[in-house]
Amino acid sequence: MNERTAIYVRISSDRDDRMVGVERQEQDCRELAADLGWTVTHVYVDNDTSAWRKTTVELPDGSKVRRNVRPVFEQMLTALRRGEHDGLIAYDLDRVAREPRDLENLIEIAEQFGRAIKSSTGNMQLDTDHGIYSARGEVAHANKSSRDTSRRVKRAAKQRAQEGKYHGAGAAFGYELVKDEDGKVLTLREHPEHAAMLRDAYAHLLSGGSLNSIVKRWNEEGRKTNRGNAWRSSPLKRALMTPTIIAMREYDGQLYPADWPALVSKDDWDKLRTLLSDPARTGKGFGEGPGKGKYVLSGLVRCGGCGRSMVASVYSGGRGTRGWVCAMSRTKGCTNSSRIAREPLETWVVEGALARLDTPALEPDEQVSDEHVALRATIDKDHHALRRLEDDYYDGLFDGDKTGYVRQRERITSRIASNEAQLLDAARSSVLAGIESVEQLRANWEDETVARRNAILGAVIDRIVIGPYPEGMPYTLHHRKSETAEEFADRKRAHQLAVLEARVTILWRA
Ligand SMILES: [Zn+2]
């Protein structure tokens, strides 16, 4: 329908951002655009690290007021008015409209210019009266909450958080509100059906399932979010990752024990958080994007010539072989630029992986739990420090020059990356822990979902490197008159195996 859709995402220091980085925001927006059949032509990225910075601006009548200034946002509004875009998808209402004035500008554009404006989280639908009404309510509420964070209110909120008291928004998914006689909310209690759904989702994801398959199943079963919407991967992820469900309250990047029951263990929560934030997961079974991780071995197969992931493709070898292909040509710097047939490789790798899983030395270590918790705490602390640093820098409070800031930032970022990599390794072992017996796994292998098969393979295999076709080995064998059909088939299998052994190196995880 819309041919020139714009996407709007924003970087900010909000606590949610650590879970929803700009790339993820963009991906969610693109998914919605794809669902709607809209074509995305531009992505606006607002780097608004301290969201409430005000600048003095002059109004047309010459008077001066203090306002939040967001150049990228303004630029986008202008482009929408001019018709450079016919639609807008923002990640979330609170990303795009921090104050009522922002929202009113968007409503005006939707109404007067007929532009379609939506958010990927579903809380902004400016094409209906009801949508406009609820967006106004939400922004007014958010704006008030933001302004209320004066020092005094902040301190009170912190105190409530430290005491683990309920903080008055709606119940997180999995819970219902406990109220006193006057209707005042006291705390949360488990919502039996929703809590069971969340636990079920945890079990599914920790054994290598995908967010998408849960979304699909819940929607098929007619289940709804607390807002009464159909499930999508981003609200599901938020429901799974909120600290509420481990009986914690987050305040200013810190977690405080709360006075309601936990739905899942802290350990599982940590593991899932790591799995869901693994950038490589799309190809390794934790994926959620359409077309990603579609085949067994997706994301694991690398070209030996250039080191890049090989892509699934059908190449014309006369019969249209389905295979893995290096997307880099020789002229662009790949020494091999080769391809390999998918099925024989898959069979061979899976056999190797199952054999390896049969080795008792690979049984997951149950001792690592404490280590996870410590690692996760360090990562949380670093994220907190990072946001502090960014805020200070943008607010002019950083004690040093830009080089010093960049160096500090890199130091913390790389520490986070290395700790997350360690955690990810630990989380992968939980996939293996979910395997009851390798014998059974082998028997049911073909019935497992591709996502689960990839999760298991990804837990034991780091990557599969494909070398060039061995010199001197024939590409095809011809039937000899002297041999039977069976002998010919045997000879072909042996040849295939010899080629695989010569070409393919599997790098196992330790
Ligand atoms: Zn290559």
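Residues numbered from 1 in each chain as written. Predicted model: local features only at pLDDT ≥ 70, side-chain atom pairs only at ≥ 80, totals over all residues.

Draft legend 1. Molecular detail of the overall build of the protein. Within the protein, the regular secondary structure consists of 16 helices and 16 strands. Per-residue burial over the protein gives 28% buried out of 510 residues. Excluding contacts between residues fewer than 6 apart, the proportion of contacts in the protein whose partners are at least 24 apart in sequence is 65%. (Helix = DSSP H or I, 4+ residues; strand = E, 2+ residues; numbered from the N terminus. Buried ≥ 20, exposed ≤ 12 C-beta atoms within 10 Å, placed from the backbone. Contact = placed C-beta atoms within 7 Å.)

Draft legend 2. Spatial organisation of unusual backbone geometry. The backbone of alanine 247 shows a phi angle near 60°, a positive value even though the residue is not glycine. The phi dihedral of leucine 297 is positive, around 85°, even though this residue is not glycine. Here leucine 297 is to be found in the loop between helix H10 (266-276) and strand E11 (301-303).

Draft legend 3. The arrangement of the packing of helix H2 (residues 71-82) against helix H4 (residues 100-113) in detail. It is at 10 Å that the axes of H2 and H4 come closest, and there the two elements cross at 10°. Judged by the inter-axis angle, H2 sits roughly parallel to H4. The interaxial crossing formed by H2 with H4 has left-handed handedness. On H4, the residues touching Phe73, Leu77, Leu80 and Arg81 of H2 are Asp102, Asn105, Ile109 and Phe113. Looking at the contact of H2 with H4 residue by residue, the class counts come to five nonpolar, one polar and two charged. (Axes fitted to C-alpha atoms, helices over the stretch in contact; angles between N-to-C directions. Parallel < 35°, antiparallel > 145°, perpendicular 65-115°, else oblique. Left-handed = near helix turned anticlockwise from the far one by under 90°. Nonpolar A, V, L, I, M, F, W, Y, C, P; charged D, E, K, R; others polar.)

Draft legend 4. Layout of the sheet that holds strand E13 (residues 321-325). A sheet is described by the order of its strands in space; here three strands give the open sequence E12-E13-E14, paired in antiparallel fashion. Among the strands making up the open sheet, the edge pair consists of strand E12 (311-315) and strand E14 (339-341). Here the strands of the sheet are splayed against their neighbours by 40° on average, with no regard to which way each runs. Looking at chain direction, E12 and E13 are connected through five bridges and run antiparallel. Residue pairing across strands places tyrosine 315 opposite threonine 321, the latter belonging to E13. Of the strands in this sheet, E12, E13 and E14 touch helix H11 (residues 342-357), which is tilted by about 75° from E14. (Pairing = 2+ DSSP bridges.)

Draft legend 5. Quick look at the environment of valine 465. Within the secondary structure, valine 465 sits in strand E15 (residues 461-466). Placed 156 residues apart in sequence, valine 465 and serine 309 show a C-alpha to C-alpha distance of 9.2 Å.

Draft legend 6. Structural view of the packing of helix H8 (residues 211-220) against helix H9 (residues 233-241). Here H8 crosses H9 at 105°, and the two axes come no closer than 10 Å. Accordingly, the angle class assigned to the pair H8 and H9 is roughly perpendicular. Here Leu211, Asn212, Ile214 and Val215 of H8 come into contact with H9, specifically with Ser233, Leu236 and Lys237. Among the residues forming the contact of H8 with H9, the class breakdown is four nonpolar, two polar and one charged.

Draft legend 7. Expanded view of the pairing of strand E7 (residues 175-179). Relative to strand E8 (residues 185-190), E7 runs antiparallel, the two being bridged by five bridges. Its bridge partner being in E8, tyrosine 175 is matched across the sheet by glutamate 190.

Draft legend 8. View of the environment of valine 431. Examined against the element boundaries, valine 431 turns out to sit in helix H13 (residues 402-433). Overall, valine 431 belongs to the buried group, with 26 C-beta atoms counted inside 10 Å. In sequence terms valine 431 and glycine 209 are 222 residues apart; their C-alpha atoms lie 9.6 Å from each other. Dropping the residues within four chain positions of it, valine 431 is found in contact with Ser207, Gly208, Ala455, Ile456 and Ala459.

Draft legend 9. Region of interest: the confidence of the model for the protein. When pLDDT is averaged across the protein, the result is 80; 82% of the residues are at 70 or more. Looking over the protein, one finds the lowest element-wise mean pLDDT in helix H6 (residues 151-162), namely 60, and the highest in strand E5 (residues 87-90), namely 94. The low-confidence segment residues 14-19, where pLDDT is below 50, has six contacts with residues more than four positions distant or belonging to other chains. Predicted confidence is poor over residues 279-292, with pLDDT under 50, and the contacts of this stretch with residues over four places away or in other chains come to 40 contacts. (pLDDT = per-residue confidence, 0-100.)

Draft legend 10. The arrangement of the sheet that holds strand E16 (residues 504-508) in detail. The sheet built from three strands is open, its strands ordered E11-E15-E16 with mixed pairing. With partners counted over all chains shown, the strands left at the sheet margins are E11 and E16, one partner each. Pairwise comparison of adjacent strand axes, ignoring direction, gives a mean angle of 30° for this sheet. In this structure, E15 lies alongside E16, joined through five bridges in antiparallel fashion.

Draft legend 11. Summary view of helix H1 (residues 22-36). Helix length check: H1 (15 residues) gives 21 Å between terminal C-alpha atoms against 21 Å at 1.5 Å per residue, within 8%. Inspection of H1 places Gln25, Gln27, Asp28, Cys29, Leu32 and Ala33 among the buried residues, and these make up the whole buried set. Count one or two residues on from H1 and you reach glycine 37, which has phi positive near 75°. (Expected span 1.5 Å × (residues − 1).)

Draft legend 12. View of H11. If you check H11, its first and last C-alpha atoms are 22 Å apart, about what 16 residues at 1.5 Å a residue would give, namely 22 Å. Looking only at H11, the buried set comprises Arg342, Leu345, Val349, Ala353 and Leu357. One side of H11 carries all its buried residues, which in axial view fall inside an arc of 95°. Exposed positions of H11 whose direction lies more than 90 degrees from the buried face are Glu343, Glu351 and Ala355. (Arc of directions from axis to C-beta.)

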